[in-house]
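The primary structure of each chain is shown beneath.
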Amino acid sequence: MRFLPFAFALAALPVWADEMEDAFVEANMLGIFYHELGHALIHSEGVPIFGQEEDAADVFSIFLIDTLYEEESAVSLAYDAALGFLGEAINSESHDVPWWDVHGPDEQRFYNTVCLFYGANPDARGEFAADMELPIERADYCPEEFDQAWNSWGMILDELAERKDGHQIEYKGEPGLVGEMLAEEVAALNSEFQLSHPLTVVFEDCGEANAFYDPNVRQITMCREFEGHLRQLEDYFQ
């Protein structure tokens, strides 16, 4: 859970607040990286997509969190990753929703993330769904939504895990909280999966808070500026 008993929270607030903020940044940068990795796999592995590719990449991100992590870590990551979308929705309340954008509205992406993660293990994640105020009308269908994600992405991950003559991911970035996290994540993925084509992950200054996959050079770029943006979003949940 994200919250401490009140008396303990008062005593530990400065240190705990810093740890909470770092965890929020790491979880969301990880979720964003998984989202872009979803785009890369759609491109390199020829994954068929019926609907918006951005939605498929969102599904892959939370699906990977559920698949790769032990329950306690997965739940912690899911809380922060979902709240990242909610923070974006709160942050953009004063702006018109860009209905033309290929990404869905952030509040809808929040509920989709919560639903999929809950649907993966509804018997154990009822508290998570309740904390995130997932309506029962949606919750009833979440196990089916996760099954659909498993039927598509699960098969792709099995193929990557079974491949013996493929390519690994190359990471290029400097040390730091996010840089070290991304380097460790790339190393962990390389120990489990091999891709059809080379893929590079770069962590660098971009001039904006962004992340993107470039199919022309098979590269995921994670922008340093996103870290500062996420720290501002986390303030909404202090």
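Residues numbered from 1 in each chain as written. Predicted model: local features only at pLDDT ≥ 70, side-chain atom pairs only at ≥ 80, totals over all residues. Heavy atoms only, no water.

A. Fine view of the overall build of the chain. The number of helices and strands found in the chain is 9 helices and 4 strands. Mapped in sequence order, the helices and strands of the chain form the string α-α-α-α-α-α-α-β-α-β-β-β-α. Counting the 238 residues in the chain, one finds 44% classified as buried. For the chain, the share of sequence-separated contacts (at least 6 apart) that also reach a separation of at least 24 residues comes to 67%. Surface summary for the chain: the accessible area is close to 12700 Å², and the carbon and sulfur share equals 52%. (Helix = DSSP H or I, 4+ residues; strand = E, 2+ residues; numbered from the N terminus. Buried < 20%, exposed > 50% of the residue type's maximum accessible area, 1.4 Å probe, protein only. Contact = heavy atoms within 4.5 Å. Areas by Shrake-Rupley, 256 points an atom, 1.4 Å probe, with all protein chains shown as cover.)

B. Layout of the nonpolar core. Membership of the largest hydrophobic core comes to 66 residues, with the highest contact counts inside it found for Met29, Phe33, Leu37, Ile220 and Met222. Top contributing element to this core by residue count: helix H1 (residues 6–44), with 12 residues. If we skip the residues at most four places from it in the chain, phenylalanine 33 touches Leu182, Glu185, Val186, Leu189, Val201, Ile220 and Met222. (Core = buried A, V, L, I, M, F, W, Y, C linked by side-chain atoms within 4.5 Å.)

C. Inspection of the state of the cysteines at higher detail. Under the counting rule described, the total for this entry stands at 2 disulfides. Across a sulfur-sulfur distance of 2.1 Å, cysteine 206 and cysteine 223 are joined as a disulfide pair. Across the S-S bond linking cysteine 206 and cysteine 223, the dihedral sits near -90°, which makes this disulfide left-handed. Note that cysteine 206 is positioned in the loop between strand E2 (199–204) and strand E3 (211–214) and cysteine 223 in strand E4 (residues 219–223), a separation of 17 residues in sequence. Residue classification places cysteine 206 among the partly exposed residues on the basis of a relative accessible area of 28%. Residue cysteine 223 is classed as buried on the basis of its relative accessible area of 1%. The disulfide pattern of the chain is 1-2, 3-4 when the bonded cysteines are numbered in sequence order. (Disulfide = S-S within 2.5 Å.)

D. Main features of the packing of aromatic side chains. Applying the stated criterion across every chain, the model contains 7 aromatic pairs. Look at tyrosine 79 and phenylalanine 128: their rings are 5.0 Å apart centre to centre, the planes differ by 80°, and that puts the pair in the edge-to-face class. Residue tyrosine 79 is located in helix H3 (residues 71–91), and its partner phenylalanine 128 is located in helix H5 (residues 126–131); the two are separated by 49 residues in the primary sequence. Relative accessible area serves as the criterion here: at 6%, tyrosine 79 is assigned to the buried category. For phenylalanine 128, a relative accessible area of 3% puts it in the buried group. A ring pair is formed by phenylalanine 110 and tyrosine 111, whose centres lie 4.9 Å apart and whose planes are at 70°; its orientation type is edge-to-face. Classification of tyrosine 111 by relative accessible area gives partly exposed; the value is 25%. Here arginine 125 stacks its cationic end above the ring of phenylalanine 117, 3.7 Å away from the centre of that ring. One cation-aromatic arrangement involves arginine 224 over phenylalanine 203; the distance from NZ or CZ to the ring centre is 4.7 Å. (Phe/Tyr/Trp six-rings, centres within 6.5 Å; stacked < 30°, edge-to-face > 60°. Lys NZ or Arg CZ within 6 Å of the ring centre and 35° of its normal.)

E. Looking closely at the confidence of the model for the chain. In the predicted model, the chain carries a mean pLDDT of 88, and 87% of its residues have values of at least 70. Residue range residues 97–102 is modelled with pLDDT below 50. Its contacts to residues more than four positions away, or to other chains, number 4 contacts. (pLDDT = per-residue confidence, 0-100.)

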